[in-house]
Amino acid sequence: MLVLGIESSCDETGVALVETRATGVPALRSQALYSQIDMHQAYGGVVPELASRDHIRRVLPLAESVLADAGVALAEIDVVAYTRGPGLAGALLVGAGVACALGAALGKPVLGVHHLEGHLLSPFLGADPPQFPFIALLVSGGHTQLMQVDGVGHYQLLGETIDDAAGEAFDKSAKLMGLGYPGGPALSRLAEQGDAQAFKLPRPLLHSGDLDFSFAGLKTAVLTQAKKLGADLESCKADLAASTQAAIVEVLVKKSLAALERSGLDRLVVAGGVGANKALRAQLGAACKARGVRVHYPELEFCTDNGAMIAMAAAMRLQANAQTATTVYAFDVKPRWPLTDLSLRA
Ligand code: KG4
Ligand code: ZN
């Protein structure tokens, strides 16, 4: 079965083709991505209306190039999948509208996918897919969650952020250091040249005894520190970046280890944009190795938003239950959509 997947929840237009198999993990046939980062950079963040308009411009040419790369004709597609939520309403509507129109025109079923399920299952796009069950650390610009994943559609929330997401903590700290958008990669690059011990920043909820996170206080502490430094900020920026990153990474690592310990599981999947962070990878890698835990990461290109993870999540759902797609082409999008809602329909 050939599944075309369309991602348009935020500032990346992604399209990909994944093929299901009788057994084993579905295979990625081709994919294409257009990032709007350059366009939003001038505004210091994503402008939703501009994002929607740009998705409209990109989605069909991307779909054409994905089909051409795979040598597949439009009529050969079996299911059209799209990100139904969570995300920016207008942006989601573009992908959903195109997918459902395509499905209707071809007479093929459509399937709305949860964006975070895409991130969760993105390590299955790599050469070293994990086995169920595993603990997942989902760290993106909008979400920070620890989940127990027992199978496709079987997701148990163990803990999550009570305020800002980890990616938001990177982005907001970077912004007030004048590092531009998106802040995470810029801050982590600068941190490589800094001293992580230079500034004492809080590790919120580190000893809370549960698996929840809080990053809003850290951002405030970074702001206070930046103000205190005043004109000296420029010369200490790398140290402040390194200290900020160290605070975020330490909390993520400790809580992930606590989740593994509580569940008794020995496999960890790290997904979402912050999963690309080198310091997080290094520290999680060392801590997990010492405990005999296998860590699985998506390939770097699949850490941030992309169409391949949406096509993969749809294909894995279809492999588990071929009836999960629909030929009802009236659609809605879900800008807010808890991942745990999915378990009910699994
Ligand atoms: O998963 P994603 O592409 O989009 C959402 O679904 O939110 O994640 C984007 C987030 C942004 O906050 C970005 O700053 C962060 O991931 N990010 C990073 C790195 N690369 C992306 N944060 C820290 N270090 C990185 N290398
Ligand atoms: Zn995402």
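Residues numbered from 1 in each chain as written. Chains lettered and ligands numbered in written order. Predicted model: local features only at pLDDT ≥ 70, side-chain atom pairs only at ≥ 80, totals over all residues. Heavy atoms only, no water.

### Describing the pairing of strand β6 (residues 134-139)
In step 1: Burial runs high along β6: six of the six residues are buried.
In step 2: Burial along β6 is two-sided: Phe134, Ala136 and Leu138 facing one way and Ile135, Leu137 and Val139 facing the other are all buried.
In step 3: Summarising the sheet, β6 and strand β7 (residues 144-151) pair through six bridges and their orientation is antiparallel. Residue Leu137 lies in a different strand from β7, and its bridge partner there is Leu146.
In step 4: In sequence, β6 turns back onto β7 through a hairpin of four residues.
In step 5: One ladder, built from four bridges, connects β6 with strand β9 (residues 267-271); its direction is parallel. (Buried < 20%, exposed > 50% of the residue type's maximum accessible area, 1.4 Å probe, protein only. Helix = DSSP H or I, 4+ residues; strand = E, 2+ residues; numbered from the N terminus. Pairing = 2+ DSSP bridges.)

### Notes on the environment of Met316
In step 1: Within the element layout of this structure, Met316 appears in helix α10 (residues 307-320).
In step 2: Exposure remark for Met316: the relative accessible area of 8% places this residue in the buried category.
In step 3: Met316 sits 295 residues away from Arg21 along the chain, and the two C-alpha atoms are 9.6 Å apart.
In step 4: Leaving out residues up to four positions away in the same chain, Met316 has contacts with Pro26, Leu121, Phe124, Phe132 and Val152. (Contact = heavy atoms within 4.5 Å.)

### Structural notes on the state of the cysteines
One way to say it: the disulfide is the covalent bond shared by the sulfur atoms of two cysteines.
In step 1: Going through the model one piece at a time under the given rule, you end up with zero disulfides.
In step 2: The structure places no disulfide on Cys10, whose sulfur is separated from the nearest cysteine sulfur, that of Cys303, by 16 Å.
In step 3: We note that Cys303 lacks a disulfide partner, and the nearest cysteine sulfur, in Cys288, lies 15 Å from it. (Disulfide = S-S within 2.5 Å.)

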